[in-house]
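Close look at the chain arrangement
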Amino acid sequence: MAEANIQNKNNLFQLSPEGKEFVQGELSRYENKYSAIIPCLYRCQKENQGWVSPACIRYLSQIMEIPEAHIWEVAKFYTMFNKEPVGRLHIQVCCNISCALNGGRELADHLCQTYSLNAGEVSSDGMLTISRVECLGSCGTAPMMQINESYHENLNPEKAEQIINELRAKYGS
Amino acid sequence: MEVKLLTEHYHRPEYRKLSGYKLYGGYQVLAKALQMEPKTIIEEVKASGLRGRGGAGFPTGMKWGFLPSNHEPRYLLCNADEGEPGTFKDRLMMEKAPHQLIEGMIISAYAIGSQKSYIYVRGEYFDSIRILREALAEAYKAGLLGKKILGSNFSHDMDVYSGAGAYICGEETGMISSLEGLKGQPKLKPPFPALQGYLKKPTIVNNVETLAAVVPIVRDGAKVYRQNGTEKSPGTKLFSVSGNVVRPGNYEVPLGLPLKELIFGICGGLKPGRKLKAVIPGGSSAPVLTAEEALRAHLDYESLAQMGTMLGSGAVIVIDDSHCMVDLLGVIAHFYHHESCGQCTPCREGTGWIDKILHSILSGQGRLQDIHLLERVSEHMMGKTICALSDAAAMPVLSFVNKFREEFEFYVREGRSKVRGVSHAQM
């Protein structure tokens, strides 16, 4: 997968037929077509192994008829668009105040150590990325982590590892 | 004591669906509202004294009153970009009772004469977004949205829009920029959104909890709504309690409740053997209260303002004596630096400086004059920028340093935390 991503950097990107249809729908959904940029970036990210590559932006610029620079501007402003490749499981550990009061930072350190990764790095098998992130609005159930689109709350190191290992087995197969 | 005006049925799983919501009176208030004059609804909301539940606490009816009185198209935006650290109440409301929000929004839209609304939800709330989309589909199918709602002459369309991870989009003009497909940078006011908002059209931006509260206000009338809360802060409010309490969570209580009762009564107090050290009463940007102050604080807009802090979004962050205030301020400062949109120099540079100075203190490299520098930088960030993020970043710094100065001085002098005994570098 790492190879595919490198290829992607230089290569062309194209959405699936459903993805193209989605873009056309979004372009006419809002009062102004620029509002479609965020939803379409999400779509590209989904179809591009979890990140928005330069090729994705170029492609969107062409089919949306919006300058590349503007799409870049939007993509770079928001943290949820990954501008670098991420693992298939993107583990985001909240380190903001309520989680910090309940061991969130220690949890992030523990996971980085356990899986021998620096924060933000992709594991060699392309499976994992661990990021330290800001408040995710799950403060009453701290500490917590988000993996892809799901929240996992009231964690301790053992529980977090167990969740990651199970997902890794599931996604790896 | 909890008073569940909005949250009464949240424990019922069926409440999330249209059929379940209807079992408990759902959409009956909308039917009633559509028989009323829009003006009457606005007057009722004004009379209720409802204030914005997102953080600023601005009177809702007054905000609606700023709209021009012509028939120009206007938009209603629901601010569901819940991002103030410590806040998780809107997520609960959207996940447990999406139709309550939708009903409140249709009534509000009818009152202000809006044909189109958006719910702008923070991108990480995938579940909330999915649940709201399902609820909207149900509402359209049942004729509660779209053309001629419930056989009336009122038509309204509603859509959900997902943000993409930017705290600043919780600021209303930042949210408007984001919805317009731009970077989510705030715009200079005036013109206020009520006159020139989304696509330069009149726009009202209200928080999730504010819009949901319109339902009981229209149902029971302002007088009944005012039976809870204080004279100037009427009604109930959801508080998100987090940090070092036994039972963290969301609790709906009448405004004016003693903070002590929330922490030690409802939330079961602190963990055994721990003492209360400090409380941040309204999200991480609210100035911190010492334990002594917290014990005499009341949860309403006025009394917290009198104590030099704010009710904010209602995020109560409880800190026990095992935590180092220098360390915690480091966490907060890092956040605001990360989230500054970069538009205004005092904020972009100031948040960066604060983050760097604290980092240096926390790694044992601090100098005594750094504490003074923190204060000076913060003072120069207040009231000098387009939006309130700069102030939000400066207020915690000033209050932490001012109220826990001794801990900061110890850290600088000894190169380690007074509480933990070591510095970040030694950990």
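Residues numbered from 1 in each chain as written. Chains lettered and ligands numbered in written order. Predicted model: local features only at pLDDT ≥ 70, side-chain atom pairs only at ≥ 80, totals over all residues.

Overview of the overall build of chain B
- Counting its secondary structure elements, chain B contains 18 helices and nine strands.
- Relative to its length of 427 residues, chain B is compact, with a C-alpha radius of gyration of 22 Å against a globular reference of 22 Å.
- In terms of its C-alpha atoms, chain B occupies a principal-axis envelope of roughly 75 × 45 × 35 Å.
- Split into buried and exposed, the 427 residues of chain B put 57% on the buried side. (Helix = DSSP H or I, 4+ residues; strand = E, 2+ residues; numbered from the N terminus. Rg over C-alpha atoms; globule rule 2.2 N^0.38 Å. Buried ≥ 20, exposed ≤ 12 C-beta atoms within 10 Å, placed from the backbone.)

Quick word on the overall build of chain A
- The helix and strand tally for chain A stands at eight helices and four strands.
- When the elements of chain A are put in sequence order from the N terminus, they spell out α-α-α-α-α-β-α-α-β-β-β-α.
- By principal-axis analysis of the C-alpha atoms, chain A measures approximately 50 × 35 × 25 Å.
- With 173 residues in all, chain A has 38% of them scored as buried.
- Counted over contacts in chain A with a minimum sequence separation of 6, partners at least 24 positions apart contribute 61%. (Contact = placed C-beta atoms within 7 Å.)

With respect to the nonpolar core
- Membership of the largest hydrophobic core comes to 178 residues, with the highest contact counts inside it found for I107 and L262 of chain B.
- When residues no more than four places from it in sequence are discounted, the contact partners of I107 of chain B are V29, L30, A33, I41, V214, V215 and V218 of chain B. (Core = buried A, V, L, I, M, F, W, Y, C linked by C-beta atoms within 7 Å.)

Some details on the sheet that holds strand 2 (residues 116–121) of chain B
All names here are of chain B.
- One open sheet holds the four strands; their spatial order is 3-2-1-4, and the pairing between them is parallel. What marks the edges here is a single partner per strand, and that holds for strand 3 (157–162) and strand 4 (203–207). Within this sheet the neighbouring strands show an average axis-to-axis angle of 20°, counted without direction.
- When strand 2 meets strand 3, the two strands line up parallel, connected through six bridges. (Pairing = 2+ DSSP bridges. Axes fitted to C-alpha atoms, helices over the stretch in contact; angles between N-to-C directions.)

Re the packing of helix 15 (residues 345–362) of chain B against helix 17 (residues 389–403) of chain B
All names here are of chain B.
- Interhelical geometry of helix 15 versus helix 17 gives an angle of 25° and a closest axis separation of 9 Å. Comparing their axes, helix 17 and helix 15 come out roughly parallel. Here helix 15 runs over helix 17; the crossing is left-handed. Between helix 15 and helix 17, the contacting residues are P346, C347, G350, T351 and I354 on the first element and L389, S390, A393 and V397 on the second. (Parallel < 35°, antiparallel > 145°, perpendicular 65-115°, else oblique. Left-handed = near helix turned anticlockwise from the far one by under 90°.)

What about the domain arrangement of chain B?
Residue and element names in this part refer to chain B.
- Annotation of chain B at the domain level lists domain 1 (13–225), domain 2 (236–320) and domain 3 (325–426).
- Put simply, the middle of domain 1 and the middle of domain 3, counted by C-alpha atoms, are 36 Å apart.
- In this assembly, nine residues from domain 1 lie in contact with eight residues from domain 3. (Domains from an automatic or database assignment.)

Side note on the confidence of the model for chain B
- Across chain B, pLDDT averages 97, with 100% of residues at or above 70.
- Note on the complex model: pTM 0.96, ipTM 0.95. (pLDDT = per-residue confidence, 0-100.)

As for the pairing of strand 1 (residues 75–80) of chain B
Residues and elements named next belong to chain B.
- Strand 1 sits mainly inside the fold: six of its six residues count as buried.
- Residues Y75, L77 and N79 of strand 1 are buried on one face, and the alternating residues L76, C78 and A80, pointing to the opposite face, are buried as well.
- Taken together, the six bridges between strand 1 and strand 2 define a ladder with parallel strand orientation. Looking at the pairing, C78 lines up with I119 of strand 2.
- Sheet topology note: the strand 1/strand 4 ladder contains five bridges and is parallel.

Some details on the interface of chain B and chain A
- In this complex, chain B contributes 39 residues to the contact, which on the side of chain A involves 28 residues.
- Secondary-structure elements contributing two or more residues to the side of chain B that touches chain A are strand 5 (236–243), strand 6 (249–254), strand 9 (315–320) and helix 14 (325–339) of chain B.
- The dominant element in the side of chain B that touches chain A, judged by the number of residues it contributes, is helix 14 of chain B, at five residues.
- When the residues that make up the side of chain B that touches chain A are grouped by side-chain class, the tally is 17 nonpolar, 17 polar and five charged. (Nonpolar A, V, L, I, M, F, W, Y, C, P; charged D, E, K, R; others polar.)

Focus on the packing of helix 6 (residues 98–112) of chain B against helix 9 (residues 208–220) of chain B
All names here are of chain B.
- It is the contact of helix 6 with helix 9, at a shortest axis distance of 8 Å, that shows an interaxial angle of 75°. In terms of orientation, helix 6 and helix 9 fall into the roughly perpendicular class. In contact with Q100, L101, E103, G104, M105, I107 and S108 of helix 6, helix 9 contributes V208, L211, A212, V214, V215 and V218.
- Partitioned by chemical class, the residues of the contact of helix 6 with helix 9 number nine nonpolar, three polar and one charged.

Quick notes on the confidence of the model for chain A
- Per-residue confidence for chain A averages 94 on the pLDDT scale, and 93% of its residues sit at or above 70.
- Low pLDDT (under 50) marks residues 1–8 of chain A, which in the prediction has nine contacts with non-local residues, meaning those over four places away or in another chain.

Digging into the domain arrangement of chain A
- Splitting chain A by domain gives domain 1 (2–77) and domain 2 (89–172).
- Computed over C-alpha atoms only, the centres of domain 1 of chain A and domain 2 of chain A are separated by 27 Å.

Quick word on helix 17 of chain B
Residue and element names in this part refer to chain B.
- For helix 17, spanning 15 residues, the distance from its first C-alpha to its last is 22 Å, which sits close to the expected 21 Å at 1.5 Å a residue.
- Helix 17 sits mainly inside the fold: 11 of its 15 residues count as buried.
- Contacts from the buried residues of helix 17 go to helix 14, helix 15, helix 16 (368–379) and helix 18 (405–414). (Expected span 1.5 Å × (residues − 1).)

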